[in-house]
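These are the residues of each chain, in order.
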Amino acid sequence: MFSPELDAALLGVLGLLVGSFLNVVIYRLPKILERQWSTECAELAGKEPDEAEPFDLVRPRSRCRQCGHVIRWYENIPVLSYLALRGKCSSCGTPIGIRYPLVELATAGLFAFCGWKWGFTWTGGAWCGFAAALVALAMIDWDTTLLPDDITLPLVWAGLIASALRWTGLPLQQAVWGAVAGYVSLWLVYQGFKLITGKEGMGYGDFKLFAALGAWFGWQALVPMILMASVIGAIIGIAMKFADNLREGGAIPFGPFLAGAGLTALLFGPSSILQAIGL
């Protein structure tokens, strides 16, 4: 639409705003799901669900978790407010996690890349949405070992629709088989691991996320992406074990590494992953 540089700048600014919203999604969506599950369990047990104040992605307004200070609009400007507040709550001085501006900057960088490569087009917008979904999924899974269907399933359908509309340059047939192969391949690994060890090595959310990557990149890209995710996941897992940083139960979520492989494929192409890991 404009020059590549201007497209990148404009989408980068949009990415900052989207990144700020993703921070809300990352924190609130798991809690929203927990409330829904608690309500459903109470109803199945024939009990009245506990009454609670409305809690969704909009209500209540964001506030400090320590003192309850409601964050004003000028304290919620992506990155700039964090710097102005010196990373602390303006009311009680409690440190604000550095992850908030990092998520905003990462999303802005990914959006800027999409703007530079595809411009203000449907293709650019589709890949921006893909990137935002992976950022959210990676952080939610790292925090909670949960990959919500609310994001993974729309991401699968979005990949198929984008392919059908020729926004991704991937033939629809390859997108469909990519989704099928992504889901089935990890499902078979899961079943094999469970049969041998009696344990569950991963969750169904991983199957759906891998299906989404197949829908966006095609079945040919699945092998390099799963190799990259496995190698990096193993390295980080071993490092965390030696550093005694593993969470209770020793589980390491696989979703962040799948998401990282998907973002690497977006930035450099699936074939570059094989070169990066020496294959």
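Look a little higher up for the structure.
Residues numbered from 1 in each chain as written. Predicted model: local features only at pLDDT ≥ 70, side-chain atom pairs only at ≥ 80, totals over all residues. Heavy atoms only, no water.

S.K.: Looking at this model, I keep getting lost on the nonpolar core. Mind explaining?
M.R.: Across soluble globular proteins, nonpolar side chains have a tendency to be buried as a group. One finds Phe130, Leu134, Leu155, Phe217, Met225 and Leu266 to be the most contacted residues of the largest nonpolar core, which totals 60 residues. Secondary-structure elements contributing two or more residues to this core are helix 1 (4-44), helix 3 (99-118), helix 4 (122-144), helix 5 (149-164), helix 6 (172-197), helix 7 (204-217), helix 8 (222-242) and helix 9 (255-268). In terms of residue count, helix 4 provides more of this core than any other element does, 14 residues in total. Setting aside its immediate chain neighbours within four residues, Met225 contacts Phe210, Leu213, Phe217, Ala261, Gly262, Ala265 and Ile273. (Core = buried A, V, L, I, M, F, W, Y, C linked by side-chain atoms within 4.5 Å. Buried < 20%, exposed > 50% of the residue type's maximum accessible area, 1.4 Å probe, protein only. Helix = DSSP H or I, 4+ residues; strand = E, 2+ residues; numbered from the N terminus. Contact = heavy atoms within 4.5 Å.)

S.K.: It is not clear to me how helix 4 should be interpreted in this structure. Could you clarify?
M.R.: For an α-helix the count is 3.6 residues per turn, leaving residues at separations of three or four pointing the same way. Over its 23 residues, helix 4 extends 33 Å from the first C-alpha to the last, a length consistent with the 33 Å expected when each residue adds 1.5 Å. Counting buried positions along helix 4 gives 17 out of 23 residues, so the element sits mostly inside the fold. (Expected span 1.5 Å × (residues − 1).)

S.K.: Sorry if this is basic, but what is going on with unusual backbone geometry here?
M.R.: The phi angle of most residues is negative, glycine excepted, and most peptide bonds adopt the trans form. In this model, Arg59 is joined to Pro60 through a cis peptide bond whose omega is -10°. With respect to the helices and strands, Pro60 occurs in the loop between helix 1 and helix 2 (80-84). Phi is positive for Thr145, close to 55°, though the residue is something other than glycine. Turning to its location among the elements, Thr145 is positioned in the loop between helix 4 and helix 5.

Distances and angles like these do not, on their own, reveal function.
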